[in-house]
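Here are the chains, one letter per residue:
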Amino acid sequence: RARTANTPGVTRALQWIRVRTDDSKTKRGKEFELLDSPGIIPATIVDQSDATLLAACNCIGDAAYDNQAVAAYLCEWLMSLYRL
């Protein structure tokens, strides 16, 4: 089993994961392998909007940002997309 979590830093190295589906009609499943790799985020992010969107996706640790400010920015960003 692969370790998973809703926080950054769980995947620390490349790992192959075998995925299998079960087909109840034919009693035969399909199988494939998935390569999971750690993501890399630069130590400094020049564009603050990029950093805020990464925080909204939970890609940055909780101590690095104000969650209410991120939520407000995300709402404004989504509204601007809707107006397009």
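In this report, the structure presented in the accompanying data block is examined. (Residues numbered from 1 in each chain as written. Predicted model: local features only at pLDDT ≥ 70, side-chain atom pairs only at ≥ 80, totals over all residues. Heavy atoms only, no water.)

## Concerning the packing of helix α1 (residues 48-56) against helix α2 (residues 67-83)
At a minimum axis separation of 9 Å, α1 and α2 run at an interaxial angle of 105 degrees. Taken together, α1 and α2 sit at an angle that is classed as roughly perpendicular. Residues Ser-49, Thr-52, Leu-53, Ala-55 and Ala-56 of α1 lie in contact with α2, whose contacting residues are Val-70, Tyr-73, Leu-74 and Trp-77. (Axes fitted to C-alpha atoms, helices over the stretch in contact; angles between N-to-C directions. Helix = DSSP H or I, 4+ residues; strand = E, 2+ residues; numbered from the N terminus. Parallel < 35°, antiparallel > 145°, perpendicular 65-115°, else oblique. Contact = heavy atoms within 4.5 Å.)

## Quick word on the pattern of salt bridges
Following the criterion strictly, the structure yields three salt bridges and no others. For Glu-33, the salt bridge identified is with Arg-18, shortest N-O distance 2.9 Å. On the criterion of sequence distance, the pair formed by Glu-33 in strand β2 (residues 30-36) and Arg-18 in strand β1 (residues 15-21) is long-range, its members being 15 residues apart. Taken together, the shared-partner salt bridges in this structure form one network comprising Arg-18, Arg-20, Glu-31 and Glu-33. (Salt bridge = Lys/Arg side-chain N within 4 Å of Asp/Glu carboxyl O.)

## As for the side chain of Thr-11
Examined against the element boundaries, Thr-11 turns out to sit in the segment before β1. Polar contacts involving the side chain of Thr-11 include one to the side chain of Asp-36, which spans 3.1 Å. Once residues within four sequence positions are removed from consideration, Thr-11 is found in contact with Asp-36, Ser-37 and Pro-38. (Polar contact = N/O pair within 3.5 Å; in protein donor to acceptor, adjacent residues only side chain to side chain.)

## Observations regarding a nonpolar patch on the surface
Among the surface-exposed residues, Leu-14, Trp-16 and Leu-35 lie close enough to one another that they form a single nonpolar patch of about 370 Å² accessible area. Within the secondary structure, Leu-14 sits in the segment before β1. For Leu-14, a relative accessible area of 62% translates into the label exposed. (Patch = residues over 30% accessible without salt bridge, like charges linked within 9 Å, V, L, I, M, F, W, Y side chains within 5 Å. Areas by Shrake-Rupley, 256 points an atom, 1.4 Å probe, with all protein chains shown as cover. Buried < 20%, exposed > 50% of the residue type's maximum accessible area, 1.4 Å probe, protein only.)

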